[in-house]
Amino acid sequence: MKRHLRRIFLWLGVGGMLAGGSFGLLSTEAQVYLYGARRQASILTVHLPPNAPEALQQAIESAYKEGYRGVRIVPGTYPIEGPNNDFALRLVNMRDFEVDGRGVTLVRLNPRQGGIHLDHCTHVTLRGFTVRLATTVRTQGAIVAIDPHREWFDIVVDKGYPTDLDNPADFDPHPTAYFFDPKTLQWKPGAYDVSISRVERLGPNKFRFHGSFGADHTMAVGDLVTYRNYLSTDLEVSDCAGIRVVGLTFVGPTGWVVHEGGGEGGNFYNYSILYPPPPPGATRRPLMAAGADAFHSSGIRHGPTVEGCLLQGMPDDGIAIHGRYAMVQESNGNHLIVRVPWGNFFQVGDRVRVYTKDLVPLGEAKLNGVEVLSNYQLQRQTDQKAFKEGYVFVSLTLNHDLSAPFEGLVSDPDEDGSGYVLRNNIIRNNRARGLLLKADDGLVENNTIDGSTIAGIVIAPELWWNEADYSHHVVVRNNHIRHVGYVTWQGTDQAGAISVMASNDHGFVPGYGHQDIQIDGNTIESCDGVNLLVTSAENVDIRNNVFRDAQQHPSNRGANWLDPKALIYLTECKGVHLQGNRVERLGHENARLVEATKTALEVTGVSQGVHLAAR
């Protein structure tokens, strides 16, 4: 048959020579079946031996070198480990290639080594496989004693979990502790993170965690504790374009689950995060499923599509998308010299937005010229933490004059991940935000966000992380946000279940950095405190949203910034329109449906745009 023009059975020993083909000398241990014609039409089906951690890497490289358009791995469980301490599997400079691992489980042998790295690849697809670790990398236990002066607490490690917490080769000696309710096995309300300065062994499975925490912390004897360990990224996508991740499953990942950084982008992601099984002898399941963000996008020129994902059990954000700021060193007419951490990201033709050091907008321009300065003589130093080290100086020529002060900020919205689509995802039971968005032209629709501890959806720049920027032209519609914002305190500024905002050391930022935001048809359910916060924004359309079972319990979330008894809070904004919003079963902790401060200008629908059903 034509589809079986050639069928070749190959056994490739280490250093073996392929007979009857043009592969040349190969260095792999695999049985390989080849079906179909060569080049564009061919797929290499790979039978991997069960105990050869580098076999998959070598098979992929050989197939790509010979012009095949992909490999199909025969279902099974296979170890992976790279020769260096970076990643277990690396695809570098590949184009138009697919790795089909449906029915395959890849076992990472080295937890300090990352999982899979796509580096400068274009139109590469990863399909279907499961990735898990060979060992248990996180531990957990129950609090058995708390210092009355709040400077330490003792834990007993759960049965079956690692007990070498004081071994820096296996565990971070300065972890951040997270606290869980022993009944629900979810994050404990009011129990914020505690940084641990020292781990002291008290017995075979008993430890003292030293670290200060306030009297307002809700930890109690019997509460459960865990923490993220050394972090390694499970899937790193670096300087790539047109990547497709389809149907992958990550079981108990160690750090950022998926991170994309740099490149043209336009990547597609569909994957799931599962809790790892309890280790042998354990009587309680792991408290966390992952070690950091479920998805993190930084410095991408065309934003990602993240669709149909299950993201759960992370000690950080569900989906985060952002760019970064440069700092103004000099300004003269249409010419800026900026200090850029981690290398230049500006390109001729890009838009740039200029701000004061407090994020107040000053103007926008296009770049007519970009030049990295190798011999710039620095005249003025800065105390801004984000710009004190690891920087280069770049000369920017704008298409018109734009005055910018020393230490002002410059963003590039064309490398912030603009054009992202987040659709039909489930994000649940994670510390921090469900979605943390800092880019233009975004679509957020039909997602379920349940149990994110700080907020459900936050659209905001964060200068303390040097993560840009304000957002223009973002649609947030038909999402279901439930039980979020319950492990926060009065100092948090991202105080709404949905928060469109920006802040600095002086308060919410004036000047309307966010533009044209649509919040339409969402359901916000069982959230205490402010349910919707809008600041630092112009032209915001809030319509057809349902607020259900809101403000049933007391909350001081964000009380240093706003009144947590308002359902919707508007300040430092302009042109906000409310229409067709419905409030069902409102709790007795509510004092007003909409609070629009004196800096909320041209607001319509305050009295008619939010309808209260009977309590």
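So, here's what we can say about the structure.

## Structural notes on the overall build of the protein chain
- Looking only at helices and strands, the protein chain features one helix and 54 strands.
- Oriented by its inertia axes, the alpha-carbon framework of the protein chain measures out at about 80 × 65 × 55 Å.
- Looking at the 615 residues of the protein chain, the share that counts as buried comes to 59%.
- Taking the contacts inside the protein chain whose residues are at least 6 apart along the sequence as the reference set, 73% of them involve residues at least 24 apart.
- Element-wise, carbon and sulfur atoms account for 49% of the exposed surface of the protein chain, whose accessible area totals about 23,900 Å².
- Mean positive and mean negative side-chain charge positions of the protein chain (56 and 67 charges, respectively) differ by 7 Å.

## Here's the deal with the environment of Gly101
- Of note, Gly101 is situated in the loop between strand E7 (95–100) and strand E8 (104–108).
- For the pair Gly101 and Gly456, spaced 355 residues apart in sequence, the C-alpha separation works out to 33 Å.
- The residues touching Gly101, leaving out its near neighbours within four places in the chain, are Ile73, Arg127, Gly128 and Phe129.

## Some thoughts on the sheet that holds strand E31 (residues 391–398)
- Taken in spatial order, the six strands line up as E27-E28-E31-E30-E29-E32 and close into a barrel, and their pairing is antiparallel. Taking the axes of each pair of neighbouring strands and ignoring which way they run, one obtains an average angle of 45 degrees across the sheet.
- Sheet topology places strand E27 (residues 326–332) next to strand E28 (residues 335–341); five bridges connect them, and they run antiparallel. What sits directly across from Ser331, in E28, is Leu336.

## A few points about the nonpolar core
- Formed by 91 residues in total, the largest nonpolar core has its most connected members in Leu91, Leu118, Tyr271 and Ile457.
- Of all the elements, helix H1 (residues 55–65) adds the most residues to this core, at five residues.
- The contacts of Leu91, once residues within four sequence positions are left out, are Ile60, Val99, His117, Leu118, Asp119, Cys121, Val124 and Leu126.

Parameters and conventions
Residues numbered from 1 in each chain as written. Predicted model: local features only at pLDDT ≥ 70, side-chain atom pairs only at ≥ 80, totals over all residues. Heavy atoms only, no water. Helix = DSSP H or I, 4+ residues; strand = E, 2+ residues; numbered from the N terminus. Buried < 20%, exposed > 50% of the residue type's maximum accessible area, 1.4 Å probe, protein only. Contact = heavy atoms within 4.5 Å. Areas by Shrake-Rupley, 256 points an atom, 1.4 Å probe, with all protein chains shown as cover. Lys, Arg positive; Asp, Glu negative; His and termini not counted. Charge placed at Lys NZ, Arg CZ, Asp CG, Glu CD. Pairing = 2+ DSSP bridges. Axes fitted to C-alpha atoms, helices over the stretch in contact; angles between N-to-C directions. Core = buried A, V, L, I, M, F, W, Y, C linked by side-chain atoms within 4.5 Å.

None of this, on its own, says anything about what the molecule does.
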